[in-house]
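What follows is each chain in one-letter form.
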Amino acid sequence: MRLVSLIAGLSVAALAACSQEAKAPEAAPVPTVTDAFIVMPAPGRDVAMGGLTLSVEDAPIWLTAADTNIADKTELHTMSMEDGVMRMRKVERLEATPIVPLELERGGAHLMFFGISDEIAPGDQAELVLTLTDENGKEQTVTTEAEIRAMGE
Ligand SMILES: [Cu+2]
């Protein structure tokens, strides 16, 4: 009886060691966000776009949400040409890999802000909080400063 429980105990320990080893090689992505900006809305409007660069080391990561203190709602948008017309589409996630950083900018995939405060002016800084999700579904948030830019800049 004692021998059986000893063997059972050993195999549990062996399983635990095994599952820890299986997890060890998974690299945790290390993200860096730079050049975040928000463009001033057109006069009388409260909707505008913004951008940033998301680089990552060691493993791919996905931008899955964004939030700012100067707008009610932020969406992730892609741009594509359909029948000769540029169209924006809301997407759930945008990918950055160690080889291809995610670049959000005018004319391409971008951040879209709704209900922008009318208190902002070019040169101001807004807080931008990004939710990033790795390939295991693990989330992390990165807070960065976004520069408010005039429309033509
Ligand atoms: Cu858009």
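Data block above holds the structure.
As the structure is a computational prediction, the values presented were derived from the model and not from experiment.

Rules used in this analysis
Residues numbered from 1 in each chain as written. Predicted model: local features only at pLDDT ≥ 70, side-chain atom pairs only at ≥ 80, totals over all residues. Heavy atoms only, no water. Pairing = 2+ DSSP bridges. Helix = DSSP H or I, 4+ residues; strand = E, 2+ residues; numbered from the N terminus. Donors = N, O, S within 2.8 Å, 3.2 Å for Na, K, Ca; no water. Core = buried A, V, L, I, M, F, W, Y, C linked by side-chain atoms within 4.5 Å. Buried < 20%, exposed > 50% of the residue type's maximum accessible area, 1.4 Å probe, protein only. Contact = heavy atoms within 4.5 Å. Polar contact = N/O pair within 3.5 Å; in protein donor to acceptor, adjacent residues only side chain to side chain. Salt bridge = Lys/Arg side-chain N within 4 Å of Asp/Glu carboxyl O.

1. A word on the pairing of strand E1 (residues 30-39)
Then, in step 1: As paired strands, E1 and strand E2 (residues 47-57) are joined by seven bridges and run antiparallel to one another. Its bridge partner lying in E2, valine 33 is registered against leucine 54.
Then, in step 2: Sheet topology note: the E1/strand E10 (residues 139-149) ladder contains three bridges and is parallel. Counted as the bridge partner of valine 39 is arginine 149 from E10.

2. Observations regarding the coordination of the copper ion
Then, in step 1: Of the protein atoms, only His77 (ND1), Met88 (SD), His110 (NE2) and Met112 (SD) coordinate the copper ion, at distances of 2.1 to 2.2 Å.
Then, in step 2: Coordination of the copper ion draws on donor residues from a single chain, spaced H-x10-M-x21-H-x1-M in sequence. Taken together, the residues histidine 77 in strand E4 (residues 73-82) and methionine 88 in strand E5 (residues 85-91) connect sequence positions eleven residues apart.

3. Re the nonpolar core
Then, in step 1: Judged by nonpolar contacts, the single largest core of 30 residues is most densely connected at Leu52, Leu54, Leu63, Leu104, Leu111, Leu128 and Leu130.
Then, in step 2: Every element with two or more residues in this core is listed here: E1, E2, strand E3 (61-68), strand E6 (94-96), strand E7 (102-104), strand E8 (110-114), strand E9 (125-134) and E10.
Then, in step 3: Setting aside its immediate chain neighbours within four residues, leucine 111 contacts Ala48, Met49, Gly50, Gly51, Leu52, Leu63, Ala66, Glu75, Leu76, Leu104 and Leu128.

4. Re the environment of isoleucine 148
Then, in step 1: Along the chain, isoleucine 148 turns up in strand E10.
Then, in step 2: For isoleucine 148, a relative accessible area of 1% gives the class buried.
Then, in step 3: Measuring from C-alpha to C-alpha, the distance between isoleucine 148 and phenylalanine 37 comes to 5.8 Å, with 111 residues separating the pair along the chain.
Then, in step 4: Dropping the residues within four chain positions of it, isoleucine 148 is found in contact with Ile38, Met40, Ile70, Ile120, Ala121, Pro122, Gly123, Asp124, Gln125 and Ala126.

5. Topic: the environment of threonine 97
Then, in step 1: In this structure, threonine 97 sits in the loop between E6 and E7.
Then, in step 2: Apart from residues lying up to four places away in sequence, threonine 97 is in contact with Val56 and Pro60.
Then, in step 3: Only 2.8 Å separates the side chain of threonine 97 from the backbone nitrogen of valine 100, close enough to count as a polar contact.

6. Looking at the pattern of salt bridges
Then, in step 1: Counted by the stated rule, this structure contains three salt bridges.
Then, in step 2: The shortest N-O distance in the salt bridge between arginine 87 and glutamate 82 comes to 3.5 Å.
Then, in step 3: Classification of glutamate 82 as partly exposed rests on a relative accessible area of 24%.
Then, in step 4: If you follow the salt bridges from partner to partner, you end up with Glu82, Arg87 and Arg89 in one network.

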